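What follows is each chain in one-letter form.
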Amino acid sequence: MLVSAKEMLTKAKAGKYAVGQFNINNLEWTKSILLTAEELKSPVILGVSEGAGKYMTGYKTVSAMVSAMIEELGITVPVALHLDHGSYEGAKACIEAGFSSIMFDGSHYPIEENIAKTKELVAICEEKGLSIEAEVGSIGGEEDGVVGKGECADPDECKMVADLGVTMLAAGIGNIHGKYPENWEGLSFDTLDAIQAKTGDMPLVLHGGTGIPEDMIKKAISLGVAKINVNTECQLAFQEATRKYIEAGKDLEGKGFDPRKLLAPGAEAIKATVKEKMELFGSVGKA
Ligand code: 13P
């Protein structure tokens, strides 16, 4: 059964570890993440971008697939199905479709409009027992074609948005989606410290979890980060494993590629990446 992310993140913040959000794109991705979470007895959040939702034919398909997979695979650890960087309309559609958690990314609206829309979605989520993530300050890099510069969030704005009753707060602290450039200045721990001082127990979310050095991940967790999003690293692992398999050319003779065989090395590579991250984030055994 899908659960809201509230309880797992409250426990993570109190216990000074973070729960990984791993984005899914298809059945293989989802299966790899669920099996790894179960094996490691770790809570997990499955992230779905609007683009990935569309690719998988829509949020209802995603929700039905994930729920059925949890049952068929006998998954017992807490799993939240979460809309990643949702628009206002996307958030409403996912609530309808049976997601257990949503992110409303209102960071591109003026703060007043972000607040009004967030408030409305908080009320709906509260009534239905879902968790909701808000974002303040933009996360840099590209997400579904939208490129952000990566400004640091204003701690007072974070406090204002946290007070609206959201479950978790994503605050820009110099993090970027995708690979970090050579001249990246690193995370702004002063900003994170100031945000945590203003928002207290609120679980903070670190986007762009790919390629952040381990010491920075650990420091971010010590300063209140309780959820870390990872996407690109799984894609890179999948790409590399699939490339090697194709280059070996085993199935090029005869009947052509068997999709089950073609996607298997990538699925294994995702398992290894998820395992590594769960160990780094400290969520192993916390289910
Ligand atoms: P990466 O693709 O950099 O891992 O970031 C994922 C993310 O933050 C999704 O919201």
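Here the structure is shown first, and the text comes after it.
Residues numbered from 1 in each chain as written. Predicted model: local features only at pLDDT ≥ 70, side-chain atom pairs only at ≥ 80, totals over all residues. Heavy atoms only, no water.

We now examine the side chain of Gln21. With respect to the helices and strands, Gln21 occurs in strand S1 (residues 19-23). A polar contact of 2.6 Å, which involves the side chain of Gln21, links it to the side chain of Lys227. Ignoring any residue separated from it by four or fewer positions in sequence, one finds Gln21 in contact with Ile45, Leu46, Gly47, His82, Asp84, Glu133, Lys227, Ile228, Asn229 and Val230. (Helix = DSSP H or I, 4+ residues; strand = E, 2+ residues; numbered from the N terminus. Polar contact = N/O pair within 3.5 Å; in protein donor to acceptor, adjacent residues only side chain to side chain. Contact = heavy atoms within 4.5 Å.)

With that out of the way, let us pick up the environment of Ala171. Within the secondary structure, Ala171 is located in strand S8 (residues 168-171). For Ala171, a relative accessible area of 7% corresponds to the buried category. When the C-alpha atoms of Ala171 and Thr57 are compared, they prove to be 30 Å apart, with 114 residues separating the residues in sequence. Beyond its immediate sequence surroundings of up to four residues, Ala171 is in contact with Val136, Ile139, Ala153, Cys158, Ile195 and Val205. (Buried < 20%, exposed > 50% of the residue type's maximum accessible area, 1.4 Å probe, protein only.)

It is worth spelling out unusual backbone geometry at this point. You will see that Lys16, though not glycine, has its phi angle at about 55 degrees, which is positive. With respect to the secondary-structure elements, Lys16 resides in the loop between helix H1 (6-15) and S1. Residue Lys16 is classed as exposed on the basis of its relative accessible area, which comes to 54%. One non-glycine residue, Lys41, adopts positive backbone phi at about 55 degrees. Its location among the elements puts Lys41 in the loop between helix H2 (27-40) and strand S2 (44-49).

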